[in-house]
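# Survey of secondary and tertiary structure
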Amino acid sequence: MMFEAKISLSEVMATLFTMTFILISVRIMGNMTRKHILPPGPWSLPIVGNLLQLGEHPHLSFIQMRKKYGDVFLLKLGMVPVVVVNGLDMVKQVLLRDGESFAGRPKMHTFSFFADGKSLSFSVEYGESWKLHKKIASKALRSFSKSEAKTSTCSCLLEEHVCAEASALVKMFLELSLEKGDFDPTGITTCTVANVVCALCFGKRYEYNDEEFLTSSVNPADFIPWLQNYRPITRRIRSYVLCVCVFNPIFIKAASWLTIYFAGFDTVSTCLFWIFLYLVNNSDIQTKIQEEIDGKIGLRSPRFNDRKDLHYTEAFISEILRHTSFIPFTIPHRSMKETIINGYLIPQDICIFVNMYQVNHDETLWENADLFRPERFLNENGELDKSLAEKVLIFGMGIRKCLGEDIARNEIFIILTTILQQLKLEKCLQDQLDLTPVYGLSMKPKPYQIQVALRT
Ligand code: HEM
């Protein structure tokens, strides 16, 4: 028997209507059961994502985007979805309250070059072995900081190294000034800081004319995976990592020390580049620090222990860290599991950028945030307001917090006070000093020159 299938237009319409109705209902039901949606964010282009919208200063572009999308938004850097987190409360949730859920590191091309991808800071794996690794590195740093000085009256070996390097830097500044008049202080400062970290990691110091110090940069292959096979980029990053290991090849295997070497010298030297620039730009502030050094330390060498008495100097360092926010983001984090923040669903394995710069320039936390004013950290008795100073967010917080904060703060303090105890830093007359940073993983000042004179 044969059936003749005749379907009328009205039947087709009815079927389509029913199917559309079912689809919409399923969608609504799905949303009702999932409840949470992905964070909002700007539309992105194929392949490049939102890269073209970031401009020269992504941390500032993110501050603009925050005005439209709120504290937590989603965009694409190249082909990689990234959640950007702003606002102290959201940052605390991601790094502290839900710290375990966001303690991973994303798989990035650059990170794979550090200690075969097993470095403490950049390892994708986060788990028991990583926790042990961090504990060992933390203990090693602490024991080095506390171990007894060899030849001096310093309180520990670290202090001995830092004080010796700071004195050598003063001499170099004077020599360069005599030789050239104006000079760029960044190269020798990098060498000074690298020598402290080398003493920590390799038990060795290098001469000031070693030129193997490179600046860090952003690797486009992290965000557009196709570029990972583009040899010039791969070669550049590999040579950046290897050039340091060439100093001492056995350390290629020493993942913790290599990480500490990288983490410890670029950050501290960048901070000092900014300090010198702000000092020559604000001679009144320089004078105040010198008066404090003269009154509290006098002619003897500055020591770590002096930090507790030099309130203005400590306030100045805190304001440098806040105002420059030269590490604008933490090292990228990765969500370890599906988590809800600010009412939005953050899927597992999403790359997270924490915008520390925004927190340090948030007008609701800092009055006249864009002004450079060390006094903001002093109470009515002229003492450092420690709880306010701790609000400056530049070392991260929580599980992934920087291991070297104490070392960094001590080192910066000694180098700054040793220099200002003996020298006056001045800008070159013809120089227009520019405080706009050059963007990078750590933001550096544009090249500048200074002059120094012995204090009388
Ligand atoms: C002013 C100087 C410094 C600044 C601003 C700084 C800042 C940071 C930041 C923002 C992070 C990432 C935090 C995160 O991802 O949430 C970090 C991680 C780290 N820093 Fe520092 N750092 C400084 C100096 C140092 C020094 C001197 C050392 C060692 C001697 C060091 C060792 C480390 C290590 C090992 C990590 C990795 C921690 C982890 O992945 O769990 N840092 N630092």
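Residues numbered from 1 in each chain as written. Predicted model: local features only at pLDDT ≥ 70, side-chain atom pairs only at ≥ 80, totals over all residues. Heavy atoms only, no water.

The name an unreviewed UniProt entry gives the protein chain is Unspecific monooxygenase, with Chelydra serpentina as the organism.

### Notes on the overall build of the protein chain
When helices and strands are tallied, the protein chain shows 13 helices and ten strands. Classification of the 456 residues of the protein chain by burial places 52% in the buried group. Across the protein chain, contacts joining residues at least 24 apart in sequence account for 72% of those joining residues at least 6 apart. On the protein chain, roughly 23,300 Å² of surface is accessible, and the fraction owed to carbon and sulfur atoms is 58%. (Helix = DSSP H or I, 4+ residues; strand = E, 2+ residues; numbered from the N terminus. Buried < 20%, exposed > 50% of the residue type's maximum accessible area, 1.4 Å probe, protein only. Contact = heavy atoms within 4.5 Å. Areas by Shrake-Rupley, 256 points an atom, 1.4 Å probe, with all protein chains shown as cover.)

### Considerations on the coordination of the iron atom of the ligand
Exactly one protein atom donates to the iron atom of the ligand; that atom is C402 (SG), 2.3 Å from the metal. Its location among the elements puts C402 in the loop between α12 (386-389) and α13 (405-422). (Donors = N, O, S within 2.8 Å, 3.2 Å for Na, K, Ca; no water.)

### Structural notes on the packing of helix α5 (residues 157-180) against α13
Remark: α5 packs on α13, axes separated minimally by 9 Å, with the N-to-C direction vectors making an angle of 35°. Both α5 and α13 take part in a crossing whose hand is right-handed. For the pair α5 and α13, contact is made by L158, V162, C163, A166, S167, L169, V170 and F173 and by I407, E411, I414, I415, T418, I419 and Q422, respectively. Grouping the constituent residues of the contact of α5 with α13 by class yields eleven nonpolar, three polar and one charged. (Axes fitted to C-alpha atoms, helices over the stretch in contact; angles between N-to-C directions. Left-handed = near helix turned anticlockwise from the far one by under 90°. Nonpolar A, V, L, I, M, F, W, Y, C, P; charged D, E, K, R; others polar.)

### A word on the site of the ligand
Close to the ligand lie 24 residues; R105, K134, H333, R400 and C402 are nearest. One of the side-chain N or O atoms of R105 is found 2.9 Å from an oxygen atom in the ligand. Between the ligand and the protein, one listed contact pairs an oxygen atom with a side-chain N or O atom of R400 at 2.9 Å. Secondary-structure elements contributing two or more residues to the shell around the ligand are α4 (128-146) and α8 (255-281). Residue contributions to the shell around the ligand peak at five residues, all from α8. Taken together, the residues of the shell around the ligand break down into 14 nonpolar, six polar and four charged. (Near = heavy atom within 4 Å. Polar contact = N/O pair within 3.5 Å; in protein donor to acceptor, adjacent residues only side chain to side chain.)

### Overview of the pattern of salt bridges
One pass over the full model with this rule turns up 16 salt bridges. A salt bridge links D294 to R455, with the shortest nitrogen-to-oxygen separation between them at 2.6 Å. Taken together, the positions of D294 in helix α9 (residues 283-296) and R455 in the segment after β10 (450-454) put the pair 161 residues apart, joining distant regions of the chain. Relative accessible area serves as the criterion here: at 38%, D294 is assigned to the partly exposed category. Of the charged contacts in the structure, one is a salt bridge between D309 and K308, with a shortest N-O distance of 3.3 Å. (Salt bridge = Lys/Arg side-chain N within 4 Å of Asp/Glu carboxyl O.)

### Notes on the confidence of the model for the protein chain
Here the protein chain averages 83 in pLDDT, while 78% of its residues score no lower than 70. Ignoring residues within four places in sequence, the model shows residues 212-220, a span with pLDDT below 50, making 28 contacts including any to other chains. Low pLDDT (under 50) marks residues 236-255, which in the prediction has 34 contacts with non-local residues, meaning those over four places away or in another chain. On the interface metric, ipTM, the complex scores 0.99, and its pTM is 0.83. (pLDDT = per-residue confidence, 0-100.)

### Structural notes on the packing of α9 against helix α10 (residues 311-324)
Viewed as axis vectors pointing N to C, α9 and α10 meet at an angle of 140°, and their least axial separation amounts to 8 Å. With respect to each other, α9 and α10 are oriented oblique. On α10, the residues touching I285, K288, I289 and E292 of α9 are H311, Y312, T313 and F316. The residue makeup of the contact of α9 with α10, split by class, is four nonpolar, two polar and two charged. (Parallel < 35°, antiparallel > 145°, perpendicular 65-115°, else oblique.)

### Concerning unusual backbone geometry
Within the chain, S325 stands out as a residue other than glycine whose phi angle is a positive 40°. Among the structural elements, S325 can be located in the loop between α10 and β3 (333-334).

### Focus: the environment of L141
Residue placement: L141 occurs in helix α4. Look at L141 and you get buried, because its relative accessible area is 5%.

### Examining the pairing of strand β1 (residues 72-77)
Most of β1 is tucked away: five of the six residues are buried. Alignment of β1 against strand β2 (residues 80-85), held across six bridges, turns out to be antiparallel. Paired with L75 across the strands is V82, a residue of β2. Here β1 hands over to β2 after two residues, with G78 in that stretch at a positive phi of 65°. (Pairing = 2+ DSSP bridges.)

### Here we look at a positive patch on the surface
On the surface, K135, K139, R142 and K146 cluster together to form a positively charged patch. Inspection of the secondary structure puts K146 in helix α4. (Patch = residues over 30% accessible without salt bridge, like charges linked within 9 Å, V, L, I, M, F, W, Y side chains within 5 Å. Lys, Arg positive; Asp, Glu negative; His and termini not counted. Charge placed at Lys NZ, Arg CZ, Asp CG, Glu CD.)

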